[in-house]
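Residues per chain are reported as follows:
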Amino acid sequence: MAPYTPIVPFDVLSQRLNIAPENIIKLDANENPYGPSPRVSQALAEETYYHIYPDPDSTLLRDALSAYVGVDPTHIVAGHGADELIDLIIRLFIVQGDAVINCPPTFGMYRFDTELNGGKIIDIARHEDFSLDTESIVSFAGNAGNIKLIFVTSPNNPDGGTLDDACLRQLLQLPLIVVLDEAYIEFAGGSRANWVLAHENLIVLRTFSKWAGLAGLRVGYGIFPHWIRSHLLKIKQPYNVNVAGTTAALASLSDLHQLQLNVQKIVKERERLYHALEAFDFLQPYPSKANFILARVIGKDAAELKAALAKDGILIRYFDTSGLRDHIRISVGTPTQTSVLLETLSTIE
Ligand SMILES: *Cc1c(COP(=O)(O)O)cnc(C)c1O
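Residues numbered from 1 in each chain as written. Predicted model: local features only at pLDDT ≥ 70, side-chain atom pairs only at ≥ 80, totals over all residues. Heavy atoms only, no water.

Our next topic: the overall build of the protein chain. If you tally the helices and strands in the protein chain, you get 12 helices and 13 strands. Taking 2.2 N^0.38 as the reference for a compact globule, 349 residues should give roughly 20 Å; the C-alpha atoms of the protein chain span a radius of gyration of 20 Å, in line with that estimate. Summarising its shape, the C-alpha atoms of the protein chain cover approximately 55 × 55 × 35 Å along the three principal directions. The buried share of the protein chain, taken over its 349 residues, is 53%. Looking at the protein chain alone, contacts between residues at least 24 apart form 70% of all its contacts between residues at least 6 apart. Between the mean site of the 29 positive side-chain charges and the mean site of the 40 negative ones, the protein chain shows a separation of 1 Å. (Helix = DSSP H or I, 4+ residues; strand = E, 2+ residues; numbered from the N terminus. Rg over C-alpha atoms; globule rule 2.2 N^0.38 Å. Buried < 20%, exposed > 50% of the residue type's maximum accessible area, 1.4 Å probe, protein only. Contact = heavy atoms within 4.5 Å. Lys, Arg positive; Asp, Glu negative; His and termini not counted. Charge placed at Lys NZ, Arg CZ, Asp CG, Glu CD.)

Shown next as structure tokens:
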């Protein structure tokens, strides 16, 4: 395997650049610039059962999620981040040699977990506008017998585009389990979580990492048809979601109004950032429904642009992968962070 190259940890970077953590503008991992609800730190301080193992069924969390998502708790499994559920789903459905359809450019964990678990990745690249190549997917899925899963992401990371209903319906006709990753759906609206009730081959994944600002506490969840959930529970580690994560997620769901205001601020800022980036002749941003914007870099080296910003403590994402080498991805920050970013970009000529 190629080693996983994680982004440099925040505190390490702060030391390396000799810039205080609070002055680093971290726009490289789609984290929430407003952080968690204030109720989270209060609930964590008041929690008294850290010495007791957590509930393997995450009963209270699933009940609260049921109200939030609008599906019965018997369809929900909580995970140590959506990342854990991606790994579990792959382990559940594939044996050595089975294949998974991946639609790059997209989130890297589908490939990582498939390969880790002895599966084969079938890459069906997206069109130039990052929409799915549904035609190729359909012809592939119909022709090879050992394809078990397809991962699709809406809004997609890294471009922020969404998958439309007609396209999802077409995928659901295939003899595959369709995993729809909705990690950014709060910034877009239009979740298909309740489609799981009508489709025995659909799984929808969600997370608290982006909209609720809990990336560091690792809480995600999935909405599953009953037949899949019953098997998934057999292979899940019993204490996968810890007490702190559960407490924080529950506190977040009790403070939806506040968190949704933050989401609205980010959406508004996304539109400002998009138009501001458009004004640079070396950048061509793509319209996004998530909390980040992908931009093509024209007439400049994208990796160098990223490095130049990093020197000033502004972190953005560059992907050294085919189809993305001349692109950068910028997470939407606060209005002040956007202003500093734009100011710095305007000094780069
Ligand atoms: C960030 C992200 C995740 C990870 O979610 P966690 O709950 O933090 O593990 C999943 N899918 C996509 C597409 C993401 O960008």
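Our focus in this paragraph is the domain arrangement of the protein chain. Here the domain parsing of the protein chain yields domain 1 (10-30 + 257-346) and domain 2 (39-254). On a C-alpha basis, the centroid separation for the pair domain 1 and domain 2 is 26 Å. Taken together, the contact pairs 20 residues of domain 1 with 18 residues of domain 2. Contact between domain 1 and domain 2 buries roughly 1,500 Å² in total, counting both sides, with carbon and sulfur atoms accounting for 69%. Inspection of the domain 1/domain 2 interface yields 0 salt bridges. The tally of links between domain 1 and domain 2 comes to 4 residue pairs in polar contact (both at pLDDT 80 or more). For the side of domain 1 that touches domain 2, the secondary structure elements donating two or more residues are helix H10 (256-278), strand S10 (292-297) and strand S13 (327-331). (Domains from an automatic or database assignment. Buried area = accessible area lost by both parts, 1.4 Å probe. Salt bridge = Lys/Arg side-chain N within 4 Å of Asp/Glu carboxyl O. Polar contact = N/O pair within 3.5 Å; in protein donor to acceptor, adjacent residues only side chain to side chain.)

Cis geometry is adopted by the peptide bond preceding Pro 105, which originates at Pro 104 and carries an omega value of -5 degrees. With respect to the helices and strands, Pro 105 occurs in the loop between strand S3 (99-102) and helix H5 (109-116). Along the chain, Ser 154 connects to Pro 155 via a cis peptide bond; the corresponding omega equals -5 degrees. Structurally, Pro 155 is set in the loop between strand S5 (147-153) and helix H7 (165-172). Not every positive phi belongs to a glycine, and Asn 18 is a case in point at roughly 60 degrees. Its place among the elements puts Asn 18 in the loop between helix H1 (10-17) and strand S1 (25-26). Within the chain, Phe 130 stands out as a residue other than glycine whose phi angle is a positive 75 degrees. Checked against the element boundaries, Phe 130 lands in the loop between strand S4 (120-123) and helix H6 (134-143).

Our focus in this paragraph is the sheet that holds S10. As summarised here, the arrangement of the 4 strands in space is S9-S10-S13-S12, forming an open sheet in which the pairing is antiparallel. The open sheet has two edge strands, strand S9 (283-285) and strand S12 (317-318), and neither has a second partner. With 2 bridges joining them, S12 and S13 adopt antiparallel strand pairing. For Tyr 318, the partnering residue across the bridge sits in S13 and is Ile 328. (Pairing = 2+ DSSP bridges.)

Turning next to the state of the cysteines. Each disulfide consists of a covalent bond between the sulfur atoms of two cysteine residues. As enumerated under the stated definition, the model contains 0 disulfides in all. The thiol of Cys 167 is unpaired, and the distance to the nearest cysteine sulfur, on Cys 103, comes to 8.9 Å. Here Cys 167 falls in the buried class, since its relative accessible area comes to 9%. (Disulfide = S-S within 2.5 Å.)

This part is about empty space enclosed by the protein. Taking a probe equal in size to a water molecule and rolling it over the atoms shows the remaining empty space. Per the stated rule, a full pass over the model turns up 1 cavity of 30 Å³ or more. The space that makes up the largest cavity amounts to roughly 40 Å³. Per-element tally for the lining of the largest cavity: the top contributor is strand S2 (residues 76-79), with 3 residues. (1 Å grid on protein atoms, 1.4 Å probe; cavity = no way out; pocket = protein on both sides within 12 Å on 5 of 7 lines; lining within 4 Å. Points joined across faces, edges and corners; volume = space filled by probe spheres on them.)

Tracing the backbone shows Thr 344 in helix H12 (residues 335-347). If near-sequence neighbours (up to four positions away) are discounted, Thr 344 is found in contact with Leu 309, Asp 312 and Ile 314.

The immediate surroundings of the ligand are formed by 14 residues, with Asp 181, Tyr 184, Thr 207, Ser 209 and Lys 210 found nearest. Interatomic distance of 2.9 Å between a side-chain N/O atom of Asn 157 and an oxygen atom of the ligand. One nitrogen or oxygen atom from the side chain of Ser 209 is found 2.6 Å from an oxygen atom belonging to the ligand. Coverage of the ligand by the protein chains reaches 94% of its 390 Å² of free accessible surface. Considering each element in turn, the shell around the ligand owes the most residues, 3 residues, to helix H4 (residues 81-93). Counted by class, the shell around the ligand contains 5 nonpolar, 5 polar and 4 charged residues. (Near = heavy atom within 4 Å. Areas by Shrake-Rupley, 256 points an atom, 1.4 Å probe, with all protein chains shown as cover. Nonpolar A, V, L, I, M, F, W, Y, C, P; charged D, E, K, R; others polar.)

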